[in-house]
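Residue strings, one per chain:
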Amino acid sequence: MHTLVERMKKQDIRALAKAITLVENDHPEKLSLLRDVFSMEKHARHIGITGSPGAGKSSLVNQLISHIRAEGKTVAVIAVDPTSPFSGGALLGDRVRMNQHFTDDGVYIRSMATRGSLGGLARATKDALRICDAYGFDVVIVETVGVGQSELDIMKVVDTTALVLTPNSGDVLQIFKAGIMEIADLFVINKGDLPGYGKLKALLKELVMMTATENHEKAIIKTISTENKGIDKLWGKINEHHDFLYATDEGAKRRTEQRRLEVYELVREEIWRDVKGFIDTNADFSPIHAESDPYQQAIDWYQKWKKEGEY
């Protein structure tokens, strides 16, 4: 078993941090590490917090951590931040907002840079989530970078997705658009003391009525995160959704689909790693120019790899 995994079994928090760094940097030992991590899977509760920039996601997560810790549960937070244009690292805005938890041994907060990845998550988010699960955290929260209606990756990695909206922020005009609204398992109207709350809630109720199933109706929760209001109800609804998933076939269907997409992504990564390595070490490939036909060149390179590459 990988040495980092052995250390994680002994609750070595530095080993946890190093393991996440290893997968973020796409280290050659990444797959062997993750295979060992997978064998330790403990099925923590995986929660996604997503929404547009400025909706108060980080403040909401900060209060949610406190509420969960008051129940005696441990929490890991994977906060996906925008990438610095200078260092390529995360800008760490989320960690600044959660600094009150830094000295709590029952809380682990990790910022991850998107590094150009679309979909609101970093490429290694799923791996980091699984590592935190294997370490033994009871709850793992994934906070996405501010997303738009087409950035839906969060649904591929968590059990419950909470979409955070705010009154008078343009969200009213967005809520009936396909995509981001469809992935939400529950809706959070944060900054609920602002004008426009009633209108946004009414529109959401219409949406919920149109998408409700016989067994489940999406909840709408009002919160004011800066005043710690509504957090208990939010946690209660997250628990209700968790119970719904495990009391019906929905949970098994969701996990199966997530696993299928994960396998596809891993296969794509391994194929591209092989193709790129073959191209980089083979002088026979025609160089790319501004006038190159990208479609024909891609076909030529792919066919050459299939014929001569080690696959």
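Structural data are supplied above this passage.
First things first, this report covers the structure right here in the doc.

What counts, and at which threshold
- Residue positions within a chain follow its written sequence, with the count starting from 1.
- Local features in this predicted model are restricted to residues of pLDDT 70 or higher, and side-chain atom pairs are both shown and tallied only at a pLDDT of 80 or more, whereas totals for entire chains, interfaces and linings draw on every residue.
- The side-chain quantities take in all heavy atoms of the structure and omit both hydrogens and water.
- Counting from the N terminus, the helices are DSSP H or I runs at least four residues long and the strands are E runs at least two residues long.
- Only protein chains enter the calculation, and the probe is 1.4 Å; a residue is then buried if its accessible area is under 20% of its type maximum, exposed if over 50%, and partly exposed in between.
- Angles shown run from 0 to 180 degrees and are taken between the N-to-C directions of axes, each axis being a line fitted to C-alpha atoms and, for helices, limited to the stretch in contact.
- When an angle is under 35 degrees it counts as roughly parallel; over 145 it counts as roughly antiparallel; between 65 and 115 it counts as roughly perpendicular; any other value is oblique.
- Note on contacts: a residue pair is in contact if any heavy atoms of the two residues lie within 4.5 Å.
- Amino acids are sorted into nonpolar (Ala, Val, Leu, Ile, Met, Phe, Trp, Tyr, Cys and Pro), charged (Asp, Glu, Lys and Arg) and polar (every other residue, Gly among them).
- Two strands are counted as paired when DSSP detects at least two bridges linking them.
- Multiply 1.5 Å by the residue count of a helix minus one, and that product is the helix's expected span.
- Residues enter a nonpolar core if they are buried and are Ala, Val, Leu, Ile, Met, Phe, Trp, Tyr or Cys, with the set joined through side-chain atoms within 4.5 Å.

1. Some words on the environment of Met112
Working step 1: Relative to the helices and strands, Met112 is located in strand S3 (residues 107-113).
Working step 2: According to the relative accessible area criterion, Met112 is buried, its value standing at 0%.
Working step 3: Through-space distance from the C-alpha of Met112 to that of Ala128 is 9.3 Å; in sequence the pair is 16 residues apart.

2. Points about the packing of helix H10 (residues 250-280) against helix H11 (residues 294-308)
Working step 1: One way to put it is that H10 packs onto H11 with a least axis distance of 10 Å and a crossing angle of 90 degrees. What the angle tells us is that H10 and H11 run roughly perpendicular. Residue-level inspection shows Ile271, Asp274, Val275, Phe278 and Ile279 of H10 in contact with H11, the latter providing Trp301, Lys304, Trp305 and Glu308.
Working step 2: When grouped by side-chain class, the residues that make up the contact of H10 with H11 number six nonpolar, no polar and three charged.

3. Here we look at the pairing of strand S2 (residues 75-81)
Working step 1: Most of S2 sits out of view: seven of its seven residues are buried.
Working step 2: Going residue by residue along S2, you find Val75, Val77, Ala79 and Asp81 tucked away on one face and Ala76, Ile78 and Val80 tucked away on the opposite face as well.
Working step 3: Alignment of S2 against S3, held across seven bridges, turns out to be parallel. What sits directly across from Val75, in S3, is Val107.

4. Side note on the sheet that holds S2
Strand pairing in a sheet takes place through backbone hydrogen bonds and is either antiparallel or parallel in direction.
Working step 1: Ordered by their spatial adjacency, seven strands build an open sheet running S3-S2-S4-S1-S5-S6-S7, and the pairing between neighbours is parallel. Two strands in the sheet have a free side with no partner beyond their single neighbour: S3 and strand S7 (219-222). Averaged over all adjacent pairs, the angle separating strand axes in this sheet is 20 degrees, with direction ignored.

5. A closer look at helix H9 (residues 231-247)
Working step 1: Here H9 spans 24 Å end to end across 17 residues, near enough to the 24 Å set by a 1.5 Å rise per residue.
Working step 2: Within the span of H9, buried status applies to Ile231, Leu234, Trp235, Ile238, His241, His242, Phe244 and Leu245.

6. Side note on the nonpolar core
Working step 1: Ranked by internal contacts, the top residues of the largest apolar core, which has 32 residues, are Met8, Leu16, Leu33, Ile131, Cys132, Phe137 and Val140.
Working step 2: Put simply, the parts of the chain that give this core at least two residues each are helix H1 (3-9), helix H2 (13-24), helix H3 (30-38), S2, S3, helix H6 (125-135) and strand S4 (139-143).
Working step 3: Dropping the residues within four chain positions of it, Val140 is found in contact with Ala44, Arg45, His46, Ile47, Ala76, Ile78, Leu129, Cys132 and Asp133.
Working step 4: Counting 25 residues, the second largest nonpolar core, distinct from the first, contains Ile47, Ala79, Val188 and Ile221.

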